[in-house]
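The chain contents come next:
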Amino acid sequence: MKKPIIRGSIRKKLFFSMLLLSVCITAAVTLVALFSTYSTMREQLIYDRRTNIGWLENRLYLETKNDMNRFYEFEVSKTLKNDVLSWYTGGNNTDYAAKLDLINALNSIISLDNNINSIDLFNLGNDTVLRAERSGASFLETGDALSAWNARKAGMQTNTVYLRQGREIVAYHQIFRFNDNQPVALIAIHQRQYKLQDILADIKITQNESILVYNDQNDLIDADFGENKEIAEQNALPIMEQLSTSASRETVSDGNFWFYRAVNGGKLRILLAVSDQAIVSSLQKTVLAGVLVFFAAVLTTVAASAAFARFLSKPLIELAARMGKIRLDSSQPMERSEGEDEIGLLQNSFADMAER
């Protein structure tokens, strides 16, 4: 079987061979660089978001501890605890000094934090509430003010609970009588939502991420949504339940990186969803630079290949032309080469043969 004949000049063969090899190498280097950049940026994104959600976990832990310290004043202080018990037993007929102590305690808490709108101290024995606002304090009927608390699932912890009510975040704490563990009062601190919103906004790096904060019964307390809002809302609860039992507390799903943290034993739960588009967007400049470098390299390669192919093939082409013109009766001497490479050896050998 005859081998196929590859037609075309040696110059073209050299040019296209070198061009193909150079383009392949350039393309491979460009792809490797882009893949390496993507991997590096992916790891950097994960590291940055781990740092951010860790910072948010610590910040919210301090906030919950601050609320707990406010609540425990009514547990630790014997005077306030006795005043609460006295009010529970005697109702509005309680000693004036006990009422004044309770009012002063609530007003003191409000005065130290501008983010608190009001504080309610509910008497669970006679459906009355002591409401302290910046304008003053008053005793009112409970009415439906406890509807959100009463809707809470039975058997859940009651020492520090967060519920969302309209434009406020309300922290609750239930006070029990020591001897029979009977709930006697409930404290509700009504806080502005802006404080938490500012905290969430501080840790966002791009618009391709969403931060959600839930309470211990999976009610959404607050969120700062990004461009991945729809996916974050749809998948937040399943992902959060999955990660709450996972050792890594991180996963990749639906084109998003998910990070989960529990604050103070799960009193608050944080979920951070970062879209993979955050990396793609960051890579756009890198990809553009890579494409420009690739085309520049290709153009340089074309010019270099053409010049190199011409340099290598020129002596062979000239020798082939002389060999095509030589005749047995020719008396014209063959030109000899001073080169010591294979082409020079071939030319001189042919000159010797022609002379003989």
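Position labels on residues start from 1 in each chain and follow its written sequence. For this predicted model, a pLDDT threshold of at least 70 governs which residues receive local features, and a threshold of 80 or more governs which side-chain atom pairs are given and counted, while totals over whole chains, interfaces and linings are taken from all residues. Excluded from the side-chain calculations are hydrogens and water; all other atoms, namely the structure's heavy atoms, are used.

## Focus on the sheet that holds strand β6 (residues 183-192)
Right, so step 1: Whether two strands pair depends on DSSP finding at least two bridges between them. In this text, helices come from DSSP runs of H or I with a minimum length of four residues, and strands from runs of E with a minimum of two, each type numbered from the N-terminal end. Read from one edge to the other, the open sheet built from six strands follows the order β3-β2-β1-β6-β5-β4, with strand pairing classed as antiparallel. Looking at which strands have only one partner, the edges of the open sheet turn out to be β3 (136-141) and β4 (161-165). Taken pair by pair, the neighbouring strands of this sheet meet at an average axis angle of 20°, ignoring direction.
Right, so step 2: Here a residue-residue contact requires only that any non-hydrogen atoms of the pair lie within 4.5 Å. Axis definition: a line fit to C-alpha positions, over the contact stretch in the case of helices; interaxial angles, taken between N-to-C directions, run 0 to 180 degrees. Its contacts with the sheet place helix α2 (residues 78-90) against β1 (116-123), β2 (128-133), β3, β5 (168-176) and β6, and it is angled at close to 115° to β6.

## Re the packing of aromatic side chains
Right, so step 1: Centres within 6.5 Å are what make two rings of Phe, Tyr or Trp a pair, Trp counting through its six-membered ring; a difference in plane orientation under 30 degrees is then read as stacked, over 60 as edge-to-face, and the rest as tilted. Scanning the model with the defined rule gives two aromatic pairs in all.
Right, so step 2: Note on Trp149 and Tyr172: the rings are 5.2 Å apart at their centroids and 35° apart in plane angle, and the pair reads as tilted. With a gap of 23 residues between them, Trp149 in helix α4 (residues 147-150) and Tyr172 in strand β5 connect regions that are remote in the sequence.
Right, so step 3: Judged by relative accessible area, which is 10%, Trp149 ranks as buried.
Right, so step 4: By the criterion adopted, a ring carries a charge over it if an Arg CZ or a Lys NZ lies within 6 Å of its centre and within 35 degrees of its normal. Between the NZ or CZ atom of Lys99 and the centre of the ring of Phe139, over which it lies, the distance is 5.3 Å. Working definition: with a 1.4 Å probe on protein chains only, accessible area under 20% of the residue-type maximum means buried, over 50% means exposed, and in between means partly exposed.

## Side note on the confidence of the model for the chain
For any part of a model where pLDDT is low, the fine detail of the predicted coordinates should not be relied upon.
Right, so step 1: For every residue, the predictor assigns a confidence score, pLDDT, that lies between 0 and 100. Summing up the model confidence of the chain, the mean pLDDT is 84 and the portion of residues at 70 or higher is 82%.
Right, so step 2: pLDDT under 50 marks residues 1-6. Its contacts with residues more than four places away, or in other chains, come to one contact.

## Thoughts on the nonpolar core
Right, so step 1: Of all hydrophobic cores here, the largest spans 44 residues; its most connected members are Leu56, Leu60, Phe74, Leu102, Ile119, Leu121 and Ile187.
Right, so step 2: At seven residues, helix α1 (residues 10-76) tops the list of elements feeding residues into this core.
Right, so step 3: Setting aside its immediate chain neighbours within four residues, Ile119 contacts Leu106, Ile109, Ile110, Leu130, Arg131, Ala132, Ile187, Ala188 and Ile189.
Right, so step 4: Nine residue types can take part in a nonpolar core, namely buried Ala, Val, Leu, Ile, Met, Phe, Trp, Tyr and Cys, and a core is a set of them joined through side-chain atoms within 4.5 Å. Core analysis: the second largest hydrophobic core is formed by 12 residues, Ile239, Leu243, Trp258 and Tyr260 among them.

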